[in-house]
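Examining the three-dimensional arrangement
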Amino acid sequence: MAFLEDICEAWKVRSKSAKETFRLGKKMGELLPRGSVIALCGELGSGKTLLAKGIARGMQVANEGEVTSPSFTLVNEYQGRCKIYHVDLYRLQNAQQIEDLGWEEMFFGSGVTLIEWPEKVLHLLPEDRIEVFLEWVGEEERDLEFQSKGKMGKELILRLREKWMKGE
C-alpha cells in the first residue's frame, strides 16, 4: 500500500490539445465508481467543462454535446451508467443556494458529481474526493493535476495514470 500512497496522492500530466483533455476525461469517466465526487479547479477557459464532457462520455452519456456548463442553473443532470450531477458554482452567491438544491444527494448519493468552482463550498464536500487542477500552459496545452483526498481517490488516480501511460 505504500506504493499507492507514494505515487498516487497526486499525478500531473500535460494535455497537448482539447482532444487530449477530452480523452483524459473519458478515461477517467470509465473508471469512476458510483458516489464519486470530482472537484474541477481552474480559471475560466482552463478546460473544466471540456474535461467534464469527457468524463460524461466515459460514463456512457450518449451525447456529450448535451454536457454544458450549468453556470446559470447551478446544476445539470445527465444519465449515463448512473446519474451525473454537473455543478457550476461560478455564480453562487452564498452556500445557502447549494444547500437549497439538495447538496446531500449530489455529494453523498449514488451518482457521480462533477463540481466546477468547488472552493466556494469546500466545507460541504466529502473528505473522499478527487480534486483536478487545470492550468493554462499555452494556446492548446493544459497541465492537469489530479489530487486524491481519501482512499478511493488514490486508487482511481493510480488506475487512471496506468491507463493513460499504456495508451488504452
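The structure under discussion appears in the preceding block.
About the thresholds
Residues numbered from 1 in each chain as written. Predicted model: local features only at pLDDT ≥ 70, side-chain atom pairs only at ≥ 80, totals over all residues. Heavy atoms only, no water. Pairing = 2+ DSSP bridges. Helix = DSSP H or I, 4+ residues; strand = E, 2+ residues; numbered from the N terminus. Axes fitted to C-alpha atoms, helices over the stretch in contact; angles between N-to-C directions. Phe/Tyr/Trp six-rings, centres within 6.5 Å; stacked < 30°, edge-to-face > 60°. Buried < 20%, exposed > 50% of the residue type's maximum accessible area, 1.4 Å probe, protein only. Lys NZ or Arg CZ within 6 Å of the ring centre and 35° of its normal. Expected span 1.5 Å × (residues − 1). Contact = heavy atoms within 4.5 Å. 1 Å grid on protein atoms, 1.4 Å probe; cavity = no way out; pocket = protein on both sides within 12 Å on 5 of 7 lines; lining within 4 Å. Points joined across faces, edges and corners; volume = space filled by probe spheres on them. Nonpolar A, V, L, I, M, F, W, Y, C, P; charged D, E, K, R; others polar. Parallel < 35°, antiparallel > 145°, perpendicular 65-115°, else oblique. Left-handed = near helix turned anticlockwise from the far one by under 90°.

**Here's the deal with the sheet that holds strand β4 (residues 83-88)**
- Strand order in the open sheet formed by seven strands is β1-β7-β6-β2-β5-β4-β3, with mixed pairing between adjacent strands. Strand pairing shows two members of the sheet lacking a second neighbour, β1 (10-15) and β3 (75-79), which therefore form its edges. On average, adjacent strands in this sheet sit at an angle of 20° to one another, irrespective of strand direction.
- Note that β4 and strand β5 (residues 112-116) share five bridges and pair parallel.

**Brief notes about the packing of aromatic side chains**
- Considering all chains together, one arrives at two aromatic pairs under this definition.
- With a centroid separation of 5.5 Å and an interplanar angle of 20°, the aromatic rings of Trp-11 and Phe-146 are classed as stacked. With a gap of 135 residues between them, Trp-11 in strand β1 and Phe-146 in strand β7 (residues 142-149) connect regions that are remote in the sequence.
- Residue Trp-11 is classed as buried on the basis of its relative accessible area of 7%.
- Measuring from ring centre to ring centre gives 5.0 Å for Tyr-90 and Trp-117, while their planes differ by 50°; the resulting arrangement is tilted. On the criterion of sequence distance, the pair formed by Tyr-90 in the loop between β4 and α4 (95-100) and Trp-117 in the loop between β5 and β6 (129-136) is long-range, its members being 27 residues apart.
- Its relative accessible area of 34% is what places Tyr-90 among the partly exposed residues.
- Sitting over the ring of Tyr-90, Lys-120 keeps its end group 5.9 Å from the ring centre.

**Re unusual backbone geometry**
- We note that Gln-60 has phi near 75°; this positive angle belongs to a residue other than glycine.
- For Gln-60, the position within the fold is in the loop between α3 (48-58) and β3.
- Although it is not a glycine, Trp-117 sits at a positive phi angle of roughly 65°.

**Here's the deal with helix α2 (residues 18-31)**
- Its 14 residues place the ends of α2 20 Å apart at the C-alpha level, agreeing with the 20 Å of an ideal helix rising 1.5 Å per residue.
- Contact partners of the buried residues in α2: β1, β2 (37-41), α3, β6, β7 and α6 (151-166).

**A few points about the environment of Arg-159**
- By secondary structure assignment, the location of Arg-159 is in helix α6.
- Spatially, the C-alpha atoms of Arg-159 and Gly-111 are 20 Å apart, while their sequence positions differ by 48 residues.

**Here we look at the layout of surface pockets**
- Roughly 240 Å³ of internal volume is contained in the largest pocket.
- A breakdown of the residues in the lining of the largest pocket according to their chemical character gives five nonpolar, eight polar and seven charged.

**Some thoughts on the packing of α2 against α3**
- Between α2 and α3, whose axes approach to 6 Å, the crossing angle comes to 40°. With respect to each other, α2 and α3 are oriented oblique. Where α2 crosses over α3, the two elements pack in a sense that is right-handed. In this structure, α2 contributes Ala-18, Thr-21, Phe-22, Leu-24, Gly-25, Lys-26, Met-28, Gly-29 and Glu-30 to the contact, and α3 contributes Leu-50, Leu-51, Lys-53, Gly-54, Ile-55, Arg-57 and Gly-58.
- Within the contact of α2 with α3, the residues separate by chemical class into seven nonpolar, five polar and four charged.

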